[in-house]
Amino acid sequence: MYLYVYDEGLQDRRFERDIAQIETRLTDLGIAGSIIRLAFFRDYLKTIRNEISKGDISTVVAVGNDETFAKVLEAVGDSKVVIGYLPVSGKNAMAALLGIQSGIDACPLLSARLVQNLDLGEVNGHRFLHHVSCGAIKFKASCDDLYTLETIDKAKLDIVNLSVLPEHKAASAVDGRLTMFAAVGRGFIRKTVCTTMVPIRFMTVNLLGPTKFVVDSTEMEFSKLELRVIPGALRIITGKDRKF
Amino acid sequence: MAKTSSQDTIIAQGVRVEGNLIAEGNILIDGEVKGTIVTQSDLDIGVDARVEASIQARNATLSGVIEGNVRVEERLDMLASSKFKGDIVAGLLSVEAGAEINGTVRMGVEAEPQTISTKPSRRGRSANATPVESLDDSLSS
């Protein structure tokens, strides 16, 4: 059975018609299911997990934008359900990566149910599909308990699971590893960028103090990073035009 | 070196690595490395690199300043800008004019290369890993 998790923003009247069309299409395709509407005052983790724990949910579909998708990803955790994404509003960078169209055009893809197993990353207990990134910092990292890696100057740090940017295209979400990129500016006015690239299974990064990071689309602050890859942890519906 | 893949490792300028750099894919070094470098694929040490390590690779191209013992299964290229101090064991060796080598060279060694576990333990070393010190011991034997 399908569980559809609606973003709180979809309660706006400008989405009323689109949502009605989508719901009709899902019914026609035979994949209608139960609906949860997120709200600012509701604990989304508890709400989604309660539904999953009832036992008859096979697929949880995030209906909304990348933030909705991140919430569903976090809520699903280690359960065996398949995740789907039906982009409707706002920022949908993840949709292009997964090869999923927006709005009603995503419905046939959900019905086709092309399921891929992807790696997930985890940073300090928070799961991420795309990346963890930070502006220029000096850091020292312990990689796979084998070696330490230290930047001599400040470096832009990205730990990537599923790459979006061209400069991170070497990263792969099906190789059982995360890829760390550290870009250091060198030379006069730091015009030349030298990028270190290291595949890792787990890594600890010691920072000089609380530092702001972006984990997928969410801003978080950490004083230390404990990162690991969870190979094949995510079962997700994709389209044929996926970028991996 | 071929197009970068997700298994490749690049240590660029401005980065310092210390410990056992063990990789399954190609390794490219332009920064500083101290310890051990092991790959089942190709190794490229750039002209700006500073390496103080025992090295094991399938093929290797050396340009920078390297101190340590090197074991290369197939081809080792020492470029004109390389400054090397240590012992070499290689299947095939090419040395450009201007390269500096201070140490011994042994060619076409039949013995099996030392195996070093490429699987990192979650905490501490795995019980089956070959100690990395044995790479130096075999070269001096």
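Here the structure is shown first, and the text comes after it.
As a starting point, this report considers the structure included with it. The residue numbers shown here count from 1 along each chain, following its written sequence. Each chain is given a letter, starting from A, and each ligand a number, starting from 1, according to the order in which they appear as written. Two thresholds apply to this predicted model, a pLDDT of at least 70 for residue-level local features and 80 or more for giving and counting side-chain atom pairs, whereas whole-chain, interface and lining totals are computed over all residues. As a convention, hydrogens and water are excluded, and side-chain values are obtained from all of the structure's heavy atoms.

**Topic: the overall build of chain B**
Counting from the N terminus, the helices are DSSP H or I runs at least four residues long and the strands are E runs at least two residues long. Within chain B one finds 1 helix and 13 strands. Starting at the N terminus, the α and β elements of chain B follow one another as β-β-β-β-β-β-β-β-β-β-β-β-β-α. The classification of residues rests on relative accessible area computed with a 1.4 Å probe and restricted to protein chains. Under 20% of the type maximum is buried, over 50% is exposed, and intermediate values are partly exposed. Out of the 141 residues in chain B, the part that is buried amounts to 46%. Residue pairs at least 24 apart in sequence account for 14% of intrachain contacts in chain B once pairs closer than 6 positions are excluded. Accessible surface, chain B as shown: approximately 6700 Å² in total, 45% of it carbon and sulfur. Here a residue-residue contact requires only that any non-hydrogen atoms of the pair lie within 4.5 Å. Residue-level accessible areas treat just the shown protein chains as cover; the underlying method is Shrake-Rupley with a 1.4 Å probe.

**Points about the interface of chain A and chain B**
Listed by partner, the interface residues are 25 residues for chain A and 27 residues for chain B. Using a 1.4 Å probe, buried area is obtained as the accessible area two parts lose upon being combined, added over both of them. Both faces combined, the contact of chain A with chain B buries some 2300 Å², and carbon together with sulfur accounts for 53% of it. Looking at the side of chain A facing chain B, the largest losses of area belong to Leu146(A), Ile152(A) and Met197(A), adding up to 24% of the total buried there. Note on definitions: salt bridges are taken to be side-chain nitrogens of Lys or Arg within 4 Å of carboxyl oxygens of Asp or Glu. The interface formed by chain A and chain B contains 2 salt bridges. Glu150(A) serves as the salt-bridge partner of Arg16(B), at 3.7 Å between the closest nitrogen and oxygen. Polar contacts here mean pairs of N or O atoms no more than 3.5 Å apart (in protein, one a potential hydrogen donor and the other a potential acceptor; neighbouring residues in sequence count only if both atoms are side-chain atoms). One can count 7 residue pairs in polar contact (both at pLDDT 80 or more) joining chain A with chain B. Elements with a minimum of two residues in the side of chain A that touches chain B: strand 9 (147-151), strand 11 (178-186) and strand 12 (192-200) of chain A. Here the side of chain A that touches chain B gets 6 residues from one element, more than from any other, and that element is strand 12 of chain A. Three classes are used: nonpolar for Ala, Val, Leu, Ile, Met, Phe, Trp, Tyr, Cys and Pro, charged for Asp, Glu, Lys and Arg, and polar for all others, with Gly counted as polar. Along the lines of polarity and charge, the residues of the side of chain A that touches chain B split into 11 nonpolar, 5 polar and 9 charged.

**A look at the environment of Arg71(B)**
All names here are of chain B. Note that Arg-71 resides in strand 9 (residues 70-78). The class of Arg-71 is buried, set by a relative accessible area of 8%. Each C-alpha atom, one on Arg-71 and one on Arg-106, is 9.5 Å from the other, the two residues being 35 residues apart in sequence.

**Description of the packing of aromatic side chains**
All names here are of chain A. We call Phe, Tyr and Trp rings a pair once their centres come within 6.5 Å, taking the six-membered ring for Trp, and we label the pair stacked below 30 degrees between planes, edge-to-face above 60, and tilted otherwise. Counted by the stated rule, this structure contains 3 aromatic pairs over all chains. A centroid spacing of 6.0 Å and a plane angle of 20° characterise the contact between Tyr-2 and Tyr-4, whose relative ring orientation is stacked. Residue classification places Tyr-4 among the buried residues on the basis of a relative accessible area of 1%. With centroids separated by 5.9 Å and ring planes inclined at 45°, the aromatic side chains of Phe-213 and Phe-222 adopt a geometry described as tilted. For Lys-71, the ring lying beneath its charged end belongs to Tyr-44, and the centroid distance is 5.5 Å. A ring has a charge above it when a Lys NZ or an Arg CZ is no more than 6 Å from the ring centre and no more than 35 degrees off the ring normal.

**Quick notes on helix 3 (residues 66-76) of chain A**
Because each turn of an α-helix spans 3.6 residues, side chains separated by three or four positions in sequence point in the same direction. Residues and elements named next belong to chain A. Counting buried residues in helix 3 gives 8 out of 11 residues, a clear majority hidden from the surface. Asp-66, Thr-68, Phe-69, Lys-71, Val-72, Leu-73, Ala-75 and Val-76 are the residues of helix 3 that are buried. For helix 3, the capping residue at the N-terminal end is Asn-65, with a side-chain oxygen 3.0 Å from the backbone nitrogen of Glu-67. Just past helix 3, the residue Gly-77 takes up positive phi, approximately 55°.

**Structural notes on the pairing of strand 5 (residues 42-45) of chain B**
Residues and elements named next belong to chain B. Only one face of strand 5 is buried, namely the one carrying Leu-43 and Ile-45, since none of Asp-42 and Asp-44 on the opposite face is buried. One requirement defines pairing of two strands: DSSP has to find at least two bridges between them. Pairing between strand 3 (residues 27-29) and strand 5: 3 bridges, direction parallel. What sits directly across from Ile-27, in strand 5, is Leu-43. Pairing analysis gives 4 bridges linking strand 5 to strand 7 (residues 59-62), with the strands arranged parallel. Note that in strand 7 the partner of Leu-43 across the bridge is Ala-60.

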